[in-house]
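# A structural walkthrough
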Amino acid sequence: EPPSGTRDFFPEQIRLQKAAAKAAHQAAAGAAKPGQKQTSGHTVAEHVEVGRAIETEPPSGTRDFFPEQMRLQNWLFGHFRATARRFAFQEYDAPVLESEELYKRKGGEEITEQMYNFVDKDGKNVTLRPEMTPSLARMILSLGGKVLLPVKWFSLPQCWRFETVQRGRKREHYQWNMDIIGEKSVAAEIELLAAVVDFFRGIGITAADVGLKVNSRRVLSAILTKFGIAPDQFPFVCVIVDKLDKIGADAVVELLLGQGVAEAAGRQIVASLSLKSVDELKLLMGDTDDGGAVDELVTIFEMAEAYGFADWILFDASVVRGLAYYTGIVFEGFDRRGELRAICGGGRYDKLLSLYGSPEVVPACGFGFGDCVVIELLKERGLLPTLEPEVDFVVAPYNAELRAACAKVAALLRGAGFAVDVLLEPAKKVKKAFEYADRVRGDRVFFVAPDEWASGKVRMKDLRSGSADDKEVDLPLDGLIAALAEMGITSSAK
Ligand code: HAM
């Protein structure tokens, strides 16, 4: 169960929520009451107490999303969701607050040191989630046997980690998660890799910009077995080996010594990490590969050909990822210029549900894809989209008496799904309405003025059309929407 008083959102509830939001939107559009009295909003209280100026920056490593950034975020999320839809994954969600015990695992991972944890007023040890995978595992477990596996689910959670803030690494980030629960073959990993590539292509990133490094932890595990290292040391060794890039070979061997791994074995482990081809790996593994780790990798490369993304993936034995629970294939997205940190990462975690008490082994794999590094990448490559607010019409009353008429026009347009901005202060001069429309990026202005209104018409001016002829027309209020449709004017909101 999620923490007391919080909710999980299984795919069914996400659908319900979306339907409710849509209904509310439609109701709001239909329920606009024309003629409501408005106050001008110009009065300012004469005596206000001025307090001490507050800090206007959000906490270190966290972000505000002003409308401009929110447009970009929505654009990015739109691409995450569109890819998930193309791969037929269903959306779910869970509370950002989780029970701390969910992240207590052996392995010495950084993530468990970086938690925003505290004791709540019920005396419960809780934390802001640093990642989504444990919540997903908990939700699947809560369904008991009631869910037919495999399931393919995705989410867009905000995750919190008390990290050292640097380029592409913050203390909160949104992380697109795609997971397949209940499939033990690498057919699952291949779908996930294909989804990552599909997403990159969708935003204009090519195989020349980004690659996906693939490895299998089972290779490392076989090497450890060869050296007589106990299986329960495995998660610790992976977490240490993941630091190779940052701390170098000698320091890794040193840390491994601390875990009881002999120096010779440590050196051999580090040496095996420099392998860059599956053929080299085959040689190294020889007959120790009884688990078929090499075969899985070979299958992935073969299937990538069939899927049409072979140019995106490469084998790299040094990729192990820093989370203790991965058991098999692991992968990460990287910037080919080598300037940015990992763009995304994931892998197989077949033992996590057992760790949480599942009597049966539930195979699982997935990835997390943050919202920060990919934006840095788009900036570097000049691929950031220019996103303007989408306002189809500005409706402007000529004077205060015409506010009711103006509201009627706005309600009519909104009812037909158009995005409509009402000028709150009457605009005696059309110029004022046009200036306002320019500021809010409205495409067209409806000017509600006494003479036209008296004859059942409203004047529409097109601010974007280049031709002078069709810039200004008087349209009948009756049948306004049909007239717009005839002119080919459709809503920007899809
Ligand atoms: P992770 O490797 O810890 O995996 O994170 C996945 C991705 O989240 C990273 O590659 C990066 O894009 C983003 N990310 C992580 N930390 C930060 C941060 N501090 N600031 C910005 N972005 C960040 C996991 O979290 C796994 N739970 C993923 C997974 C899902 N594995 C299986 N299913």
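Above this text sits the structure in question.
Summary of the structure given here. The model shown is predicted, which means the values in this text are computed figures rather than measured ones.

## Here we look at the sheet that holds strand E14 (residues 420–422)
- The mixed open sheet is built from five strands, whose spatial order is E14-E13-E15-E16-E17. If you trace the sheet from one side to the other, it starts and ends with E14 and strand E17 (472–476), each paired once. Shown here is a sheet whose adjacent strand axes are inclined to one another by a mean of 25°, direction ignored.
- Contacts from helix H14 (residues 403–415) reach strand E13 (391–397), E14, strand E15 (442–448) and strand E16 (457–462) within the one sheet, and its direction differs from that of E13 by about 165°.
- The sheet strands contacting helix H15 (residues 430–440) are E13, E14, E15 and E16, and the helix crosses E15 at an angle near 155°.

## A short note on the sheet that holds strand E2 (residues 97–99)
- Read across the open sheet, the three strands follow the order E2-E4-E3; overall the sheet is antiparallel. Each edge of the sheet is formed by a strand with only one pairing partner; in this case those strands are E2 and strand E3 (116–119). Taken pair by pair, the neighbouring strands of this sheet meet at an average axis angle of 35°, ignoring direction.
- In this structure, E3 lies alongside strand E4 (residues 125–128), joined through four bridges in antiparallel fashion. Residue Phe-118 lies in a different strand from E4, and its bridge partner there is Val-126.

## Structural notes on the environment of Pro-59
- Note that Pro-59 resides in the loop between helix H1 (11–30) and helix H2 (67–86).
- Relative accessible area serves as the criterion here: at 61%, Pro-59 is assigned to the exposed category.
- With 112 residues separating them in the primary sequence, Pro-59 and Arg-171 have C-alpha atoms 9.1 Å apart.

## A few points about the packing of helix H4 (residues 187–202) against helix H11 (residues 293–307)
- Between H4 and H11, the shortest axis-to-axis distance is 10 Å and the interhelical angle comes to 45°. When the axis of H4 is compared with that of H11, the two are oblique. Where H4 crosses over H11, the two elements pack in a sense that is right-handed. Between H4, through Glu-189, Ile-190, Glu-191, Leu-193 and Ala-194, and H11, the contact on the second element is made entirely by Thr-299, Ile-300, Met-303 and Tyr-307.
- In terms of residue class, the contact of H4 with H11 is made up of six nonpolar, one polar and two charged.

## What about helix H5 (residues 217–226)?
- Taken together, the buried positions of H5 are Arg-217, Val-219, Leu-220, Ala-222, Ile-223 and Leu-224.
- At the N-terminal boundary of H5, the capping side chain belongs to Ser-216, with an oxygen 3.1 Å from the backbone nitrogen of Arg-218.
- Within two residues after H5, Gly-228 carries a phi angle of roughly 70°, on the positive side.

## Details of the site of the ligand
- Around the ligand there are 25 residues in total, and Glu-131, Thr-133, Asp-179, Arg-321 and Tyr-326 lie nearest to it.
- In the model, a nitrogen atom of the ligand is placed 3.2 Å from a nitrogen or oxygen of the His-173 side chain.
- Here Gly-370 contributes a backbone N or O atom positioned 3.0 Å from an oxygen atom of the ligand.
- Protein burial of the ligand: of its 650 Å² of free accessible surface, 97% is covered by the chains.
- Elements represented by at least two residues in the shell around the ligand include exactly strand E7 (172–181), strand E11 (344–348) and strand E12 (364–370).
- Taken together, the residues of the shell around the ligand sort by class into nine nonpolar, nine polar and seven charged.

## A word on the pattern of salt bridges
- In total, this model carries 31 salt bridges according to the counting rule given.
- For Lys-379, the salt bridge goes to Glu-376, with nearest N and O atoms at 3.6 Å. With Lys-379 and Glu-376 both in helix H13 (residues 373–380) and three residues apart, this pair spans about one turn of that helix.
- For Lys-379, a relative accessible area of 49% puts it in the partly exposed group.
- When salt bridges that share partners are traced, they join Arg-167, Glu-376, Lys-379 and Glu-380 into one network.

What counts and what doesn't
Residues numbered from 1 in each chain as written. Predicted model: local features only at pLDDT ≥ 70, side-chain atom pairs only at ≥ 80, totals over all residues. Heavy atoms only, no water. Pairing = 2+ DSSP bridges. Helix = DSSP H or I, 4+ residues; strand = E, 2+ residues; numbered from the N terminus. Axes fitted to C-alpha atoms, helices over the stretch in contact; angles between N-to-C directions. Contact = heavy atoms within 4.5 Å. Buried < 20%, exposed > 50% of the residue type's maximum accessible area, 1.4 Å probe, protein only. Parallel < 35°, antiparallel > 145°, perpendicular 65-115°, else oblique. Left-handed = near helix turned anticlockwise from the far one by under 90°. Nonpolar A, V, L, I, M, F, W, Y, C, P; charged D, E, K, R; others polar. Polar contact = N/O pair within 3.5 Å; in protein donor to acceptor, adjacent residues only side chain to side chain. Near = heavy atom within 4 Å. Areas by Shrake-Rupley, 256 points an atom, 1.4 Å probe, with all protein chains shown as cover. Salt bridge = Lys/Arg side-chain N within 4 Å of Asp/Glu carboxyl O.

Interpretation in functional terms is not warranted from these geometric data alone.
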